[in-house]
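Summary of structural features
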Amino acid sequence: NTPARIGHQTGKIEVAKAKFDGYTIPMRLVILLHEFSHKFKNPKIGLEISNEFGADINALYIYLGLGFSKIDAICVFANVFLKAQTDGNLARMRKIMDYIQRFENGEYAQKNLN
């Protein structure tokens, strides 16, 4: 049911080839960064490994900071959440959209114009 998952003990990321085949490279990257963030970023900021929103935001910070398209990130999260339309996922999508807008406005990082 998920495009990827990370082992909380091992840190190994498993991907679902059938799902990944339909995604662009940037979409794949944000998914992988999300999984990476569960194990390697969430605990560093005091969040549980299982915290989904923390993994979303950490992944987006890295992804957007590298200059990747917000459109691909929005599309892949929306695609994943479309298959599991829970109240929690709808709330996550709203927070993701808000975070992206605030990131683009320079609230979290300044764009390097050089």
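Below is a summary of the structure that appears in this document. (Residues numbered from 1 in each chain as written. Predicted model: local features only at pLDDT ≥ 70, side-chain atom pairs only at ≥ 80, totals over all residues. Heavy atoms only, no water.)

1. Some remarks on the overall build of the protein chain
- When helices and strands are counted, the protein chain shows five helices and two strands.
- Relative to the globule expectation of 13 Å for 114 residues, the C-alpha radius of gyration of the protein chain, 14 Å, shows essentially globular dimensions.
- Counting only C-alpha atoms and orienting by the principal axes, one finds that the protein chain spans roughly 40 × 30 × 30 Å.
- The proportion of buried residues among the 114 residues of the protein chain is 33%.
- Of all intrachain contacts in the protein chain linking residues separated by at least 6 positions in sequence, the fraction that spans at least 24 positions is 47%.
- Carbon and sulfur atoms make up 55% of the accessible area of the protein chain, which amounts to about 7,200 Å² in all.
- Charged side chains of the protein chain number 15 positive and 11 negative; the gap between the two group centres comes to 4 Å. (Helix = DSSP H or I, 4+ residues; strand = E, 2+ residues; numbered from the N terminus. Rg over C-alpha atoms; globule rule 2.2 N^0.38 Å. Buried < 20%, exposed > 50% of the residue type's maximum accessible area, 1.4 Å probe, protein only. Contact = heavy atoms within 4.5 Å. Areas by Shrake-Rupley, 256 points an atom, 1.4 Å probe, with all protein chains shown as cover. Lys, Arg positive; Asp, Glu negative; His and termini not counted. Charge placed at Lys NZ, Arg CZ, Asp CG, Glu CD.)

2. Concerning the environment of Ile-49
- Note that Ile-49 resides in the loop between α2 (25-40) and α3 (52-65).
- Residue Ile-49 is classed as partly exposed on the basis of its relative accessible area of 22%.
- Remark: the alpha-carbon pair of Ile-49 and His-8, spanning 41 residues in sequence, is separated by 7.1 Å.
- Those residues within four positions of Ile-49 in sequence are excluded, and the remaining contacts are His-8, His-38, Lys-39, Asn-42 and Pro-43.

3. A word on the side chain of Glu-35
- You can see Glu-35 is positioned in helix α2.
- Arg-92 is the oppositely charged side chain nearest to the buried, salt-bridge-free Glu-35, at an N-O distance of 7.4 Å.
- One polar contact links the side chain of Glu-35 to the main-chain amide nitrogen of Ile-6, over a distance of 3.3 Å.
- If we ignore the near neighbours within four places in the chain, the residues touching Glu-35 are Ala-4, Arg-5, Ile-6 and Ile-13. (Salt bridge = Lys/Arg side-chain N within 4 Å of Asp/Glu carboxyl O. Polar contact = N/O pair within 3.5 Å; in protein donor to acceptor, adjacent residues only side chain to side chain.)

4. Remarks on the packing of aromatic side chains
- The tally for this structure, following the rule as stated, stands at six aromatic pairs.
- Consider the rings of Phe-77 and Phe-81, whose centres lie 6.0 Å apart with planes at 35 degrees: the pair is tilted. Placement of both Phe-77 and Phe-81 in helix α4 (residues 70-82) is noted, with a separation of four residues, approximately one turn of the helix.
- Looking at Phe-77, the relative accessible area reads 7%, which means it is buried. (Phe/Tyr/Trp six-rings, centres within 6.5 Å; stacked < 30°, edge-to-face > 60°.)

5. Topic: a nonpolar patch on the surface
- Among the surface-exposed residues, Ile-13, Val-15, Leu-32, Phe-36 and Phe-40 lie close enough to one another that they form a single nonpolar patch of about 360 Å² accessible area.
- Only β2 (13-15) and α2 provide two or more residues apiece to the nonpolar patch.
- Looking at which element gives the most residues to the nonpolar patch, the answer is α2, with three residues.
- With respect to the helices, strands and loops of the structure, Phe-36 is situated in helix α2.
- For Phe-36, a relative accessible area of 32% gives the class partly exposed. (Patch = residues over 30% accessible without salt bridge, like charges linked within 9 Å, V, L, I, M, F, W, Y side chains within 5 Å.)

Honestly, it's all geometry; don't read function into it.
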